[in-house]
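# Coordinate inspection notes
Spelled out from the first residue to the last, the chains are:
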Amino acid sequence: MQDQLLKALNWDDLYQSLHFSTLEKNQLAEALYNTKVAAYEEALFQEAHRYLPSITKDQVHLTNQYTKGVLKKQANLHASYILKTHNADLKKYLNIIKQDKYPLRNSLQIAQEVDKWTQARFKKRAQLIARTESFTPITKAQTDFYRQNKISNTKFYFKSDKASCKVCKVLVKNNPHSLNKVLRVGIPHPNCPHQWVAHVEKKVELNPANVWLGGANLR
Ligand SMILES: [Zn+2]
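Residues numbered from 1 in each chain as written. Predicted model: local features only at pLDDT ≥ 70, side-chain atom pairs only at ≥ 80, totals over all residues.

### Regarding the packing of helix α2 (residues 11-18) against helix α4 (residues 65-98)
- α4 packs onto α2 with a crossing angle of 150° between their chain directions and a minimal axis gap of 11 Å. Judged by the inter-axis angle, α2 sits roughly antiparallel to α4. Taken as a pair, α2 and α4 cross one another with a handedness that is right-handed. Of α4, the residues touching α2 (which contributes Trp 11, Leu 14, Tyr 15 and Leu 18) are Leu 90, Lys 91, Leu 94 and Lys 98.
- Grouping the constituent residues of the contact of α2 with α4 by class yields 6 nonpolar, no polar and 2 charged. (Axes fitted to C-alpha atoms, helices over the stretch in contact; angles between N-to-C directions. Helix = DSSP H or I, 4+ residues; strand = E, 2+ residues; numbered from the N terminus. Parallel < 35°, antiparallel > 145°, perpendicular 65-115°, else oblique. Left-handed = near helix turned anticlockwise from the far one by under 90°. Contact = placed C-beta atoms within 7 Å. Nonpolar A, V, L, I, M, F, W, Y, C, P; charged D, E, K, R; others polar.)

Pasting the structure below:
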């Protein structure tokens, strides 16, 4: 980074060295997709394990093309959004320091300042990104599990140990919810601290031989 920044002699070079390129966007989309698949498989495992304790993690494998496509589309969209906002914010920040009334800094100092800003920005956004990335697949894995395994009488509780906003308070107040409601609501907003927790009233008998664990048999 340092060497790269040393070469950044003007604002355009500085922007070029710190902006997100299309190649980086594709790498980011790939990473986000992998995060989503891992979150989906973990959530699917957690649900399956509740009814069949003998299930092991390696039996759960997302191969369903439809779901893979949904997660891939979400990852691409989110990567594009991250690229756009990062580049726009970087441009804004560069404009601010360009207009600094006391520019008593050399280009290396400015480059280091911008680099520091980029790092801090990423740190702040990393948590939000991680939460948003994994929540949609977790909810999808849960609803897929109950639908694909035809487990009826499932109620879903919207839960969190953190303070909630108006939208979430209404959802919590009206607990529990039906599977269809969960499908309609999903995760109500970005950075939501809540999670859906399934509750089954009747005892569930699942056949270990044909339990659905992410395969391609349905939809
Ligand atoms: Zn909320």
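What follows picks up the thread again.
### Points about the environment of Thr 22
- In this structure, Thr 22 sits in helix α3 (residues 22-51).
- The exposure class assigned to Thr 22 is exposed, which follows from the 9 C-beta atoms found within 10 Å.
- Sequence spacing of Thr 22 and Arg 50 is 28 residues, and the spatial spacing of their C-alpha atoms is 42 Å. (Buried ≥ 20, exposed ≤ 12 C-beta atoms within 10 Å, placed from the backbone.)

### Comments concerning the nonpolar core
- The biggest cluster of nonpolar side chains holds 24 residues, and the ones touching the most others in it are Tyr 40, Leu 44 and Ala 48.
- Only α3, α4 and α5 (107-148) provide two or more residues apiece to this core.
- With sequence-adjacent residues up to four places away left out, Leu 44 is seen in contact with Val 60, Ala 141, Phe 145, Leu 213 and Gly 214.
- Core analysis: the second largest hydrophobic core is formed by 5 residues, Phe 158, Leu 171, Val 182 and Trp 196 among them. (Core = buried A, V, L, I, M, F, W, Y, C linked by C-beta atoms within 7 Å.)

### With respect to the pairing of strand β1 (residues 154-159)
- Only one face of β1 is covered, namely the face carrying Thr 154, Phe 156 and Phe 158; the face carrying Lys 155, Tyr 157 and Lys 159 is uncovered.
- Pairing of β1 with strand β2 (residues 195-200) involves 6 bridges; the strand directions are antiparallel. By the bridge assignment, Lys 155 is partnered in β2 with His 199. (Pairing = 2+ DSSP bridges.)

### Topic: the environment of Val 60
- Within the secondary structure layout, Val 60 lies in the loop between α3 and α4.
- The class for Val 60 is buried, based on 23 C-beta atoms found within 10 Å.
- In sequence terms Val 60 and Tyr 157 are 97 residues apart; their C-alpha atoms lie 24 Å from each other.

### Comments concerning the confidence of the model for the chain
- Confidence along the chain averages 85 in pLDDT terms, with 90% of residues attaining 70 or more.
- Note that pLDDT drops below 50 for residues 1-8; the model gives that stretch 14 contacts with residues more than four away or on any other chain. (pLDDT = per-residue confidence, 0-100.)

### Some words on α3
- Here α3 contains 30 residues, and its C-alpha end-to-end distance of 44 Å stays within 8% of the 44 Å for a straight helix at 1.5 Å per residue.
- Of all the positions in α3, only Leu 28, Ala 29, Leu 32, Tyr 33, Lys 36, Ala 39, Tyr 40, Ala 43, Leu 44, Phe 45, Glu 47 and Ala 48 are classed as buried. (Expected span 1.5 Å × (residues − 1).)

### As for unusual backbone geometry
- Going from Asn 175 to Pro 176, the amide bond is cis rather than trans, its omega being -10°.
- Residue position: Pro 176 is located in the loop between α6 (166-173) and α7 (179-185).
- For Lys 150, which is not glycine, the phi torsion reads 50° and is therefore positive.
- Along the polypeptide, Lys 150 turns up in the loop between α5 and β1.
- With 9 C-beta atoms packed within 10 Å, Lys 150 lands in the exposed category.
- Its identity as a non-glycine residue notwithstanding, Asn 153 has a phi of 60°, on the positive side.

### Quick notes on the packing of α3 against α4
- Between α3 and α4, the least distance of the axes is 8 Å, while the angle of their chain directions is 135°. Considered as vectors, α3 and α4 are oriented oblique to each other. The interaxial crossing formed by α3 with α4 has right-handed handedness. Mapping the contact onto sequence places Lys 25, Leu 28, Ala 29, Leu 32, Tyr 33, Lys 36, Val 37 and Tyr 40 in α3 and Leu 71, Lys 72, Gln 74, Ala 75, Asn 76, His 78, Ala 79, Ser 80, Ile 82 and Leu 83 in α4.
- The residue inventory of the contact of α3 with α4, partitioned by class, reads 11 nonpolar, 4 polar and 3 charged.

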